[in-house]
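Residues per chain, in single letters:
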Number of protein chains: 2
Amino acid sequence: MFCMIMQADATLPNFIIMLMDDMGYGDLGVFGEPNKETPNLDRMAREGALLTDFYTANPLCSPSRAALLSGRLPIRNGFYTDNAHARNAYTPQDIVGGIQDDEILIPELLQKAGYNSKIVGKWHLGHQPQFLPLKHGFDEWFGAPNCHFGPYNNNKTTPNIPVYRNDKMVGRYYEGAYNIDRATGESNLTLFYEALEFISKPRPKDQPFFLYWAPDSTHAPVYSSKKFLGSSRRGIYGDAVRDLDAGVGAILNQLTALGIANNTLVFFTSDNGAAIVSKTHGGSNGPFLCGKETTFEGGLHEPGIAWWPGTIPAGTISHQSATVMDYMATLADFAGLPLPSDRQLDSMSLRQALTNGSEVKRPVYYYRGNELMAVRYGLYKAHLWTWTNGMDEFNHGINFCPGEEVEGVTTHNQTDHSSQPIIFHLGRDPGEKYPLGVRSAEYKAVWADIQVIVDAHKKGLKPAKPQLNYCDNAVMNWAPPGCKELNACLPVPKSTLKKCVWPH
Amino acid sequence: MFCMIMQADATLPNFIIMLMDDMGYGDLGVFGEPNKETPNLDRMAREGALLTDFYTANPLCSPSRAALLSGRLPIRNGFYTDNAHARNAYTPQDIVGGIQDDEILIPELLQKAGYNSKIVGKWHLGHQPQFLPLKHGFDEWFGAPNCHFGPYNNNKTTPNIPVYRNDKMVGRYYEGAYNIDRATGESNLTLFYEALEFISKPRPKDQPFFLYWAPDSTHAPVYSSKKFLGSSRRGIYGDAVRDLDAGVGAILNQLTALGIANNTLVFFTSDNGAAIVSKTHGGSNGPFLCGKETTFEGGLHEPGIAWWPGTIPAGTISHQSATVMDYMATLADFAGLPLPSDRQLDSMSLRQALTNGSEVKRPVYYYRGNELMAVRYGLYKAHLWTWTNGMDEFNHGINFCPGEEVEGVTTHNQTDHSSQPIIFHLGRDPGEKYPLGVRSAEYKAVWADIQVIVDAHKKGLKPAKPQLNYCDNAVMNWAPPGCKELNACLPVPKSTLKKCVWPH
Ligand SMILES: [Ca+2]
Ligand SMILES: [Ca+2]
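Conventions and cut-offs
Residues numbered from 1 in each chain as written. Chains lettered and ligands numbered in written order. Predicted model: local features only at pLDDT ≥ 70, side-chain atom pairs only at ≥ 80, totals over all residues. Heavy atoms only, no water. Helix = DSSP H or I, 4+ residues; strand = E, 2+ residues; numbered from the N terminus. Rg over C-alpha atoms; globule rule 2.2 N^0.38 Å. Contact = heavy atoms within 4.5 Å. Areas by Shrake-Rupley, 256 points an atom, 1.4 Å probe, with all protein chains shown as cover. Lys, Arg positive; Asp, Glu negative; His and termini not counted. Charge placed at Lys NZ, Arg CZ, Asp CG, Glu CD. Salt bridge = Lys/Arg side-chain N within 4 Å of Asp/Glu carboxyl O. Donors = N, O, S within 2.8 Å, 3.2 Å for Na, K, Ca; no water. Tetrahedral: all angles 85-135°; square planar, octahedral: opposite > 155°, others 65-115°. Buried < 20%, exposed > 50% of the residue type's maximum accessible area, 1.4 Å probe, protein only. Least-squares fit on C-alpha atoms with pLDDT ≥ 70 in both. Core = buried A, V, L, I, M, F, W, Y, C linked by side-chain atoms within 4.5 Å. Disulfide = S-S within 2.5 Å.

Draft legend 1. Structural context of the overall build of chain A. A count of helical and extended segments in chain A gives 13 helices and 19 strands. On C-alpha atoms alone, chain A measures out to a radius of gyration of 22 Å, which is about the 23 Å that the 2.2 N^0.38 rule sets for 504 residues. Along the longest, intermediate and shortest principal axes, the C-alpha atoms of chain A span 65 × 65 × 50 Å. For chain A, the proportion of contacts with a sequence separation of at least 24, taken over those separated by at least 6, is 72%. Carbon and sulfur atoms provide 53% of the accessible area of chain A, an area that totals close to 17,800 Å². Averaging the positions of the 45 positive and the 51 negative side-chain charges in chain A gives two centres separated by 2 Å.

Here's what the structure looks like:
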């Protein structure tokens, strides 16, 4: 009885998830970026916990974000394709699918405890009206449903991406107030003001908030606000990182100024590895192999930071194998909420890891589309399949592993190793260069362990219906909700439903 | 007059140079090692200055160490070979040469201000009696003249390396008290106790000290003391790093306990990049290309830390282009000593960079043997020559760039680019993967600048007589000073003077 009263009276903690776009592990000073241009993130890590073994759920935006918010692998929540084997897929403007109503997202879960939730930035879980954030638990939104690609051809064959305020569009990228000009630094990077405003606004007494801060300025075409343009030794990409780092600092400082830092858990990470395919315009995956689009460490091993003064001891270093899908169980744990019991979750609370330094041995799964490409267990990683991209693309200059070549590992054909995986020890060999000898006792013992895990995983798996199979020009952002009030509706072309093409 | 009195009365600062062996930039948590196993070094950086653009003078032990102590490039102090073009050379047991009497080493300079100097660890500036530390300014020595290679064949064709206390041998590695057993952790890693003892010992009032701490346990065959054996996620190499990190912590703590931290400048770095040729038994160069033996960033870009509570502001990050050769001018500056004016030094005081955050634009030269391979100026680096190693060696599994391949850059023949260098922007491209287009305005402007620097450097260069040309079995450590007292003199074979073979 006493406990129940305590619980009811206790102020629930606020939550912030800062999710960067295509930022790599090696882009933060604290994780080894040699120019050391992220003082705020480095401080955040110093004052909180560094998660050294932190992963995203997929090497591409949409599936990664769907997994983060649902606490489930893309194969379970439908954010994959089976148009072809082991293909990366996302939500371009002509995608038909999106997040399904029966998925329970973090803000929906937190609603039960009265949380006020906002997403600032990129959504990427489908842009048809039924898929948008306010239909899936968020109370507020400022941002866009897709990447900031563009500008397009005067909205003739492709509309510019709409910018939403809550459930209505308020304009489009590259137009009017939401212009992005990479050369002058004119940009909509008001995203951190939106965050500041949300965390600062008056709320009913003790109503906690959940902020999902998802700026995408480090995604190609990379841009930076005027203040930071030209300020980095790394060029435009570094300018964008510095810009975001300043935003992180402003948000943390605001929490402190408001006196709520001690009651706010802040996570920082990225949705997938750096797009080193973009060469000097992309980020860095530090010592890890390859990058975005691949299931090598460079594709999924992310910078992980957690910050909560007074609850997470300053200077914590956690080697807990963890993923973005763990946010759901962690937030539920701290909010005293039960997790959904009617479905398979891929989520474990990190509460003990963050507050007590405990560590649980558990697998990490690396998927590419409909294929389980690799599994990490302890410090070992077994590649069941390898693929960078096809020789056709590669010969046209698309290289997911520029300057890197590991024989039999960075393969240009989809290579099945499932009967005899390529196994790396990520402690001795974080760069995945030196496979264990298949005849070694170490290999045999590890593979015996991992084989059990793979078999159990596959046996228990019920793949959802794939949401990223069909494309149709008619579903593009021609006439998003709110376009009438703006006089900005575009004519919708005839429907031409077809299977999407996913080249890699 | 007042100034002079002040100077005479002021207590001169103590100096410590911690020089690691084959440790890479990427081996420290603070520089991005993903297992974050160097809490003491990370703290040292946090409390002092991180030098992000810090270099050694050569990608190999002996030339690097000779340069550090003399403040001069190996080409000027004789620590190179011209037996063949652009070859790495060092001081194996049969080397005839060594450091020349007319070189002025740091301890010789500091003698003029009354410093008490000790070297703990590896010397590597020649092992014939005339070349040893006590002949070149050091008051004390505990350590060995060569690497801890061995054990050899019962001293039949090769003697085990002697261990010296001051000017006399006291035993040999792999024998008796100085055994090294990699499997059990038995080892002579009393090196940090030697350091502690030296900094703690009573001295005449106000006599300052200079400690040159040069453990070589991270050089192959890598070893760790029992306490740390098996403790690292990285295996034996990580165990050795943790062992040394603990030593660093013990030394800094001792300075604090003695109340002399505020009067002691401590530098930390490594003699060359990680030997990634050793694969999982070598270290990491983080995001940099290739490693030891090469003039890519992985060969010479080192972890740089400086620590001096009260003088170097905590949390300083300096982008000053600097090298191990700058230690000499920096120490002289803080000790109020003039530098030798009768010779060309490659040394600049880092006092302003460390205390005021100032930054001076200046070139960094990358030599391999007798050839200037590359020059860095500002953020640009121009490769005048490229070479990893020859195809013969490479085909036998000797690979200085495992898993890395940059077309036209990681070449297996010595390639002359001096009329049209390969130029990288190290800010945007620290991994040296994306050469500037030779027709770009950027390329032309940069090369015009660097060409002037190269021409001036070559014009002003007076190469010393090369010391690393001749080898002779007779000069091996058969009968080092002190062997008689120990009854440990070995018969000296007949002299067979020949040119040393330097394969890469
Ligand atoms: Ca992304
Ligand atoms: Ca060395």
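Draft legend 2. Quick peek at the pattern of salt bridges. Residues and elements named next belong to chain A. Under the counting rule described, the total for this entry stands at 46 salt bridges over all chains. In this structure, Lys201 engages Glu140 in a salt bridge whose closest nitrogen and oxygen atoms are separated by 2.3 Å. Within this pair, whereas Lys201 is found in the loop between helix 6 (191–200) and strand 7 (209–214), its partner Glu140 is found in strand 4 (residues 140–144), the two being separated by 61 residues in sequence. A single network of salt bridges, built from pairs that share partners, joins Lys118, Glu140, Arg165, Glu194 and Lys201.

Draft legend 3. The arrangement of the coordination of the calcium ion (ligand 2) in detail. Residue and element names in this part refer to chain B. Protein ligation of the calcium ion (ligand 2) involves Asp21 (OD), Asp22 (OD), Cys61 (SG), Asp271 (OD), Asp271 (OD) and Asn272 (OD1), the donor distances falling in the range 2.2 to 2.7 Å. Angles of 52 to 162° at the metal separate the 6 donor atoms of the calcium ion (ligand 2), which places the site in the irregular class. Ordering the donors of the calcium ion (ligand 2) by residue number gives the pattern D-D-x38-C-x209-D-N. Here Asp271 lies in the loop between strand 8 (264–270) and helix 8 (297–300) and Asp22 lies in the loop between strand 1 (14–20) and helix 2 (39–47), a separation of 249 residues in the sequence. A relative accessible area of 3% places Asp22 in the buried class.

Draft legend 4. Expanded view of the relation of the copies chain B and chain A. Placing chain B over chain A gives an RMSD of 0.0 Å and needs a rotation angle of 180°, together with 0.0 Å of translation along the axis. Considering both components of the superposition, the chain copies are consistent with a two-fold axis. Relative to the rotation axis, the closest C-alpha in chain B is found at Gly32 of chain B, a distance of 1.7 Å. When the interface residues of chain B are mapped onto chain A, 95% of them are again interface residues, pointing to one common binding face.

Draft legend 5. Geometry of the nonpolar core. Of all hydrophobic cores here, the largest spans 77 residues; its most connected members are Ile106, Trp123, Phe210 and Tyr212 of chain A. If near-sequence neighbours (up to four positions away) are discounted, Phe210 of chain A is found in contact with Phe15, Ile17, Ile106, Pro107, Leu110, Tyr115, Asn116, Ser117, Lys118, Phe138, Phe198 and Leu331 of chain A. Counting residues in hydrophobic clusters, the runner-up holds 75 residues, among them Met325, Tyr327, Tyr380 and Val446 of chain B.

Draft legend 6. Structural detail: the state of the cysteines. This model, assessed by the stated rule, comprises 6 disulfides over all chains. Between the sulfur of Cys483 of chain A and that of Cys489 of chain A lies a disulfide, 1.8 Å long from S to S. For the disulfide bridge between Cys483 of chain A and Cys489 of chain A, the dihedral angle about the S-S bond is near 95°, and by the sign convention the bridge is right-handed. The connectivity of the disulfide bonds within chain A can be written as 1-2, 3-6, 4-5, using the sequence rank of each bonded cysteine. You can see Cys147 of chain B has no disulfide; the closest cysteine sulfur is in Cys61 of chain B, sitting 4.6 Å from it.

Draft legend 7. The arrangement of the environment of Tyr25 of chain A in detail. Within the fold, Tyr25 of chain A resides in the loop between strand 1 (14–20) and helix 2 (39–47). In this structure Tyr25 of chain A comes out as buried when scored by relative accessible area, which is 0%. C-alpha of Tyr25 of chain A to C-alpha of Arg87 of chain A: the two residues are 62 residues apart in sequence and 23 Å apart in space. When residues no more than four places from it in sequence are discounted, the contact partners of Tyr25 of chain A are Phe31, Ser284, Asn285, Pro287, Phe288, His301, Glu302 and Pro303 of chain A together with Gly32, Glu33 and Pro34 of chain B.

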